[in-house]
Amino acid sequence: MDYVIDLKKIEDLEELHGMLSDLFEFPKYYGKNLDGFYDVMSSRNDEMHIIVKNSEKEDEKLNSYVSRLKGVLKDLEHECENVIVTFES
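Figured I'd write up the structure that's included with this text.

## Looking at unusual backbone geometry
Here comes step 1: Its identity is not glycine, yet Glu25 carries a phi of approximately 50°, on the positive side.
Here comes step 2: Topologically, Glu25 is positioned in the loop between α1 (13-24) and α2 (34-42).
Here comes step 3: A relative accessible area of 69% places Glu25 in the exposed class.
Here comes step 4: Positioned with a positive phi, Asn54 is a non-glycine residue whose angle comes to about 55°.

## Some thoughts on helix α3 (residues 60-79)
Here comes step 1: Over its 20 residues, α3 runs 29 Å from end to end, which matches the ideal 28 Å to within 8%, given 1.5 Å per residue.
Here comes step 2: Restricting attention to buried positions, one finds in α3 the residues Leu62, Tyr65, Val66, Leu69, Lys70, Val72, Leu73 and Leu76. Mapping the buried residues of α3 onto a view down its axis gives an arc of 160°, with all of them on the same face. For α3, exposure combined with an orientation more than 90 degrees from the buried face picks out Glu60, His78 and Glu79.
Here comes step 3: Where α3 is buried, its residues touch β1 (2-6), α1, α2, β2 (48-53) and β3 (83-87).
Here comes step 4: Here α3 starts with a cap whose side-chain oxygen sits 3.2 Å from the backbone nitrogen of Lys61, and that cap is Asp59.

## Some words on the packing of aromatic side chains
Here comes step 1: Taken as a whole, this structure holds 5 aromatic pairs when the rule is applied.
Here comes step 2: Ring plane angle 15° and centroid distance 5.8 Å describe the contact between Phe24 and Phe26, whose orientation is recorded as stacked.
Here comes step 3: One aromatic cluster in this structure is built from Tyr3, Phe24, Phe26, Tyr30 and Phe37.
Here comes step 4: Residue placement shows Lys70 over the ring face of Phe87; its charged tip is 5.6 Å from the ring centre.
Here comes step 5: Of note, Lys74 hangs over the ring of Phe87, and the distance from its end group to the ring centre comes to 5.7 Å.

## Examining the pairing of β3
Here comes step 1: Where β2 meets β3, 5 bridges bridge the pair, whose relative direction is parallel. Across the sheet, Ile51 pairs through a bridge with Thr86, a residue of β3.
Here comes step 2: As a crossover connection, the stretch from β2 through α3 into β3 is right-handed.

Conventions we followed
- Residues numbered from 1 in each chain as written.
- Predicted model: local features only at pLDDT ≥ 70, side-chain atom pairs only at ≥ 80, totals over all residues.
- Heavy atoms only, no water.
- Helix = DSSP H or I, 4+ residues; strand = E, 2+ residues; numbered from the N terminus.
- Buried < 20%, exposed > 50% of the residue type's maximum accessible area, 1.4 Å probe, protein only.
- Expected span 1.5 Å × (residues − 1).
- Arc of directions from axis to C-beta.
- Contact = heavy atoms within 4.5 Å.
- Polar contact = N/O pair within 3.5 Å; in protein donor to acceptor, adjacent residues only side chain to side chain.
- Phe/Tyr/Trp six-rings, centres within 6.5 Å; stacked < 30°, edge-to-face > 60°.
- Lys NZ or Arg CZ within 6 Å of the ring centre and 35° of its normal.
- Pairing = 2+ DSSP bridges.
- Right-handed = clockwise from strand over helix to strand, strands pointing away.

Next comes the structure, spelled out in structure tokens:
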């Protein structure tokens, strides 16, 4: 299944993790951090094509966090056979 993470309208970390939680239908115990994101995503067995759009942010703090998110997604792709990640402008 294709999952599109479009970061165009994301302005803070709360919005980001809310969007991720909704998109991937995370359980209520999701910790809303990158460790929690990795834990929940790596435990899934369904085929996932994750498409990341508009990942360049003007806010320095948010841009740094999005860079870390991209690293986590690359780790997931490397570690999990069921995950493919594509980055688009």
